[in-house]
Amino acid sequence: FPSHDSGKYDYSGYDWLINYGFGDRITTPKNVINSVQSVRTCINKVETFEAFKRAGVDTVEYCTDHRDIPKKWEWVAVRNNINGRKGEGLSYFEQGKEPIIYGRLYTEYFYHEKEYRVVVFKDKVVGIYLKEEVDGTWNLTLQPKRGFEKMSEQCVNAAKSIGIDYTGGIS
């Protein structure tokens, strides 16, 4: 990455930058995809869930106090920090059978056989991929758009709700 002595990344000589986590450490190029604020909202899971709720995007239930975990949640995903990405700091426990794991954010965990990555760019789905592990390696296999209309609509609405121009969320 181009940088200078201030500890910031200097992209002022570039035409485009996809910002996905640089925060305030960038010297802005001519065009930035994903504002600093939209990335902050995306990283802060509570802000993300609240934005989804306001936009009517389907998502998991969550709470920030272990005393508010609904009894109906069979499995609970616990995040040590409300800021996170790539599943960092996640733990899981089966409610009623294991002691509570304390954290900053609790979400209902649900079993799923398949995982899809839906890539949204400028309010359009540009790719849908099946994510699966094969021989210890994660593979992404391009899927047809047909049959994923509801999922695609939800992912576009999710990206819009947090103001992100480019994302590859999991559904």
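These remarks concern the structure in this document.

**Overview of the overall build of the protein chain**
Next, step 1: For the protein chain, the helix and strand inventory stands at 3 helices and 12 strands.
Next, step 2: Here the protein chain holds 171 residues, and 33% of them are scored as buried.
Next, step 3: Long-range contacts, defined as pairs at least 24 residues apart, comprise 44% of the intrachain contacts of the protein chain with a sequence gap of at least 6.
Next, step 4: As displayed, the protein chain has an accessible area near 11000 Å², and 50% of this comes from carbon and sulfur atoms.

**Focus: the side chain of Arg79**
Next, step 1: Its place among the elements puts Arg79 in strand S6 (residues 75-79).
Next, step 2: Buried charge without a partner: Arg79 forms no salt bridge, and the closest opposite charge is Glu88, 6.1 Å away.

**Points about helix H2 (residues 45-55)**
Next, step 1: Within the span of H2, buried status applies to Lys45, Val46, Thr48, Phe49, Ala51 and Phe52.
Next, step 2: The N-cap of H2, judged by a side-chain oxygen 3.1 Å from the amide nitrogen of Val46 a few residues on, is Asn44.
Next, step 3: The positive-phi residue at the C-terminal boundary of H2 is Gly56, with phi of around 75 degrees.

**Section: the pairing of S6**
Next, step 1: Of all the 5 residues making up S6, 4 are buried; the element is thus mostly covered by neighbouring parts of the structure.
Next, step 2: The pairing of S6 with strand S7 (residues 90-94) spans 5 bridges and is classified as antiparallel. Each residue of the ladder has a partner; that of Val76, found in S7, is Phe93.
Next, step 3: With 5 bridges joining them, S6 and strand S8 (residues 105-109) adopt antiparallel strand pairing.

About the cut-offs
- Residues numbered from 1 in each chain as written.
- Predicted model: local features only at pLDDT ≥ 70, side-chain atom pairs only at ≥ 80, totals over all residues.
- Heavy atoms only, no water.
- Helix = DSSP H or I, 4+ residues; strand = E, 2+ residues; numbered from the N terminus.
- Buried < 20%, exposed > 50% of the residue type's maximum accessible area, 1.4 Å probe, protein only.
- Contact = heavy atoms within 4.5 Å.
- Areas by Shrake-Rupley, 256 points an atom, 1.4 Å probe, with all protein chains shown as cover.
- Lys, Arg positive; Asp, Glu negative; His and termini not counted.
- Salt bridge = Lys/Arg side-chain N within 4 Å of Asp/Glu carboxyl O.
- Polar contact = N/O pair within 3.5 Å; in protein donor to acceptor, adjacent residues only side chain to side chain.
- Pairing = 2+ DSSP bridges.

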